[in-house]
Amino acid sequence: MSVNKEIKKVTTHTLQLMKSAGEKISMITAYDYSFANIFDSAGIDIILVGDSASNVMAGHETTLPITLDQMIYHAQSVVRGISRCLVVVDMPFGSYQSNPQIALASAIKIMKETGGHSVKLEGGDEEAIDSVKKIVSAGIPVMGHLGLTPQSIYKFGTYTVRAKEIDEAAKLKKDALLLQEAGAFAIVLEKIPAALAKEVSESLSIPTIGIGAGGDCDGQVLVMHDMLGINVEFKPRFLRKYLNMHEQVTGAVGQYIKDVKSKNFPNENEQY
Ligand code: KIV
């Protein structure tokens, strides 16, 4: 029997049990009530209310513009749609970088106003670690995020694979251990070599969740718009599309338009 099937509600403790049992953790992003409800009913372990909402919901080029209040709005909608999975809410750019006290205030606001179960923040430098410690000491579970950290896109300049060089790989391994020591309950590893992700996953007692980081992470995450084929332009090597929603929705709406124009819709059974 899998750990996933035995439990009524996924908690950070469940994820730890899953890692120990070698059971992979499934995570997907969601930003609204309806999709969260579908994903939760399908049995997903974690929903991430990602700051990728800035891209896929609001149409911005980067994750930087989304605000704390906008993240809270998305998270509130997601939480209303779930009954079983763990909800992680991304802390948006500017809500935690300045100091641990501000980070804690932002995390508390997220927890109080959304009903979410945990927060995620990017990076593993000294300030990020201090913020993780501060937030965890207030009783709020924190997920870390290393490798490609989209909030630092203007520092890196590209969305290419990270930590291919020895120095950057060594720093990532060190940061992962520091995050674990600071009390993080899991770490997202984004777009790093699979061999490095395997090494990090094996060195940590907490689970790693990969995106473009190979099959040896303890779990996987995808952005819902990418895996459902809503976003057709985005085609990185790591992405598996499970649906071609763009094509299906275009077909359905095209048919609806035709039916309205040809007076085929509504027919006599579709009226009062
Ligand atoms: O915001 C997001 O969707 C994320 C995932 C890519 C991990 O952080």
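Everything discussed here concerns the structure shown above.
Residues numbered from 1 in each chain as written. Predicted model: local features only at pLDDT ≥ 70, side-chain atom pairs only at ≥ 80, totals over all residues. Heavy atoms only, no water.

### Side note on the pattern of salt bridges
So, point 1. Here the structure, examined in full by the defined rule, presents 7 salt bridges.
So, point 2. Its salt-bridge partner being Lys109, residue Glu113 comes within 3.1 Å of it at the nearest N-O pair. Highlighted residues: Glu113 and Lys109, both in helix α6 (residues 100–114), separated by 4 residues, approximately one helical turn.
So, point 3. Overlapping salt bridges bring together Asp69, Lys109 and Glu113 as one network. (Salt bridge = Lys/Arg side-chain N within 4 Å of Asp/Glu carboxyl O. Helix = DSSP H or I, 4+ residues; strand = E, 2+ residues; numbered from the N terminus.)

### Observations concerning the site of the ligand
So, point 1. Surveying the vicinity of the ligand reveals the residues Thr29, Leu48, Gly50, Asp51, Ser52, Asp90, Lys120, His145, Glu190, Ile211 and Val223.
So, point 2. Between Ser52 and the ligand, the recorded distance is 2.5 Å, taken from a side-chain N or O atom to an oxygen atom.
So, point 3. Within the contact set of the ligand, an oxygen atom lies 2.9 Å away from a side-chain nitrogen or oxygen of Lys120.
So, point 4. If the ligand stood free it would expose 260 Å²; the protein chains cover 95% of that surface.
So, point 5. Of all the cavities here, the one that holds the ligand is the largest pocket. (Near = heavy atom within 4 Å. Polar contact = N/O pair within 3.5 Å; in protein donor to acceptor, adjacent residues only side chain to side chain. Areas by Shrake-Rupley, 256 points an atom, 1.4 Å probe, with all protein chains shown as cover. 1 Å grid on protein atoms, 1.4 Å probe; cavity = no way out; pocket = protein on both sides within 12 Å on 5 of 7 lines; lining within 4 Å. Sits in = over half its atoms within 2 Å of the grid points.)

### Focus: the pairing of strand β1 (residues 25–29)
Put simply, side chains in a regular strand alternate between the two faces of the sheet.
So, point 1. Burial analysis of β1 places 4 of its 5 residues in the buried class, which makes it a mostly covered element.
So, point 2. For β1 and strand β8 (residues 219–222), the ladder comprises 4 bridges, and the chain directions are parallel. Looking at β8, one finds that Ser26 is bridged to Gln220.
So, point 3. Bridge analysis of β1 against strand β2 (residues 46–49) gives 3 bridges, and the strand direction is parallel. Looking at β2, one finds that Ile28 is bridged to Ile47. (Buried < 20%, exposed > 50% of the residue type's maximum accessible area, 1.4 Å probe, protein only. Pairing = 2+ DSSP bridges.)

### Quick word on the packing of aromatic side chains
So, point 1. Inspection of every chain in the model, using the stated rule, returns 3 aromatic pairs.
So, point 2. Note that Arg162 overlies the ring of Phe156, its terminal NZ or CZ placed 4.1 Å from the centroid. (Phe/Tyr/Trp six-rings, centres within 6.5 Å; stacked < 30°, edge-to-face > 60°. Lys NZ or Arg CZ within 6 Å of the ring centre and 35° of its normal.)

### Re the nonpolar core
So, point 1. Grouped together as the largest cluster of nonpolar side chains are 58 residues, with contacts concentrated most on Ile47, Ile135 and Leu189.
So, point 2. At 6 residues, helix α5 (residues 68–81) tops the list of elements feeding residues into this core.
So, point 3. Look past the residues within four positions of Ile47 in its chain and what remains in contact with it is Ile28, Ala30, Ala36, Phe39, Val78, Ile82, Cys85, Leu86, Val87 and Val88.
So, point 4. Formed by 17 residues, the second largest nonpolar core is a distinct cluster that contains Met27, Phe185, Ile211 and Val221. (Core = buried A, V, L, I, M, F, W, Y, C linked by side-chain atoms within 4.5 Å. Contact = heavy atoms within 4.5 Å.)

### Looking at the sheet that holds strand β7 (residues 208–211)
So, point 1. Taken together, the 8 strands give a closed barrel; going around it, the order is β1-β2-β3-β4-β5-β6-β7-β8, and neighbouring strands pair in parallel fashion. Averaged over all neighbouring strand pairs, the angle between strand axes comes to 25 degrees, with direction disregarded.
So, point 2. Here α6 sits on the sheet in contact with β3 (86–90) and β4 (118–120), set at roughly 135 degrees to β4. (Axes fitted to C-alpha atoms, helices over the stretch in contact; angles between N-to-C directions.)

### A closer look at unusual backbone geometry
So, point 1. Residue Pro266 is reached from Phe265 by a cis peptide bond, and omega for that bond is -5 degrees.
So, point 2. Relative to the assigned elements, Pro266 resides in the segment after α12 (245–261).
So, point 3. You will see that Ala163, though not glycine, has its phi angle at about 60 degrees, which is positive.
So, point 4. Considering the arrangement of structural elements, one finds Ala163 in the loop between α8 (153–156) and α9 (166–182).
So, point 5. Positioned with a positive phi, Lys263 is a non-glycine residue whose angle comes to about 65 degrees.
So, point 6. With relative accessibility at 72%, the residue Lys263 sits in the exposed group.

### A word on a nonpolar patch on the surface
So, point 1. On the surface, a cluster of nonpolar side chains totalling about 510 Å² of accessible area is made up of Val249, Val253, Tyr256, Ile257, Val260 and Phe265.
So, point 2. With respect to the helices and strands, Val253 occurs in helix α12. (Patch = residues over 30% accessible without salt bridge, like charges linked within 9 Å, V, L, I, M, F, W, Y side chains within 5 Å.)

### What to know about the environment of Pro92
So, point 1. Mapped onto the secondary structure, Pro92 falls in the loop between β3 and α6.
So, point 2. In this structure the C-alpha to C-alpha distance between Pro92 and Thr63, which are 29 residues apart in sequence, comes to 7.8 Å.

This is a description of form; function is not addressed.
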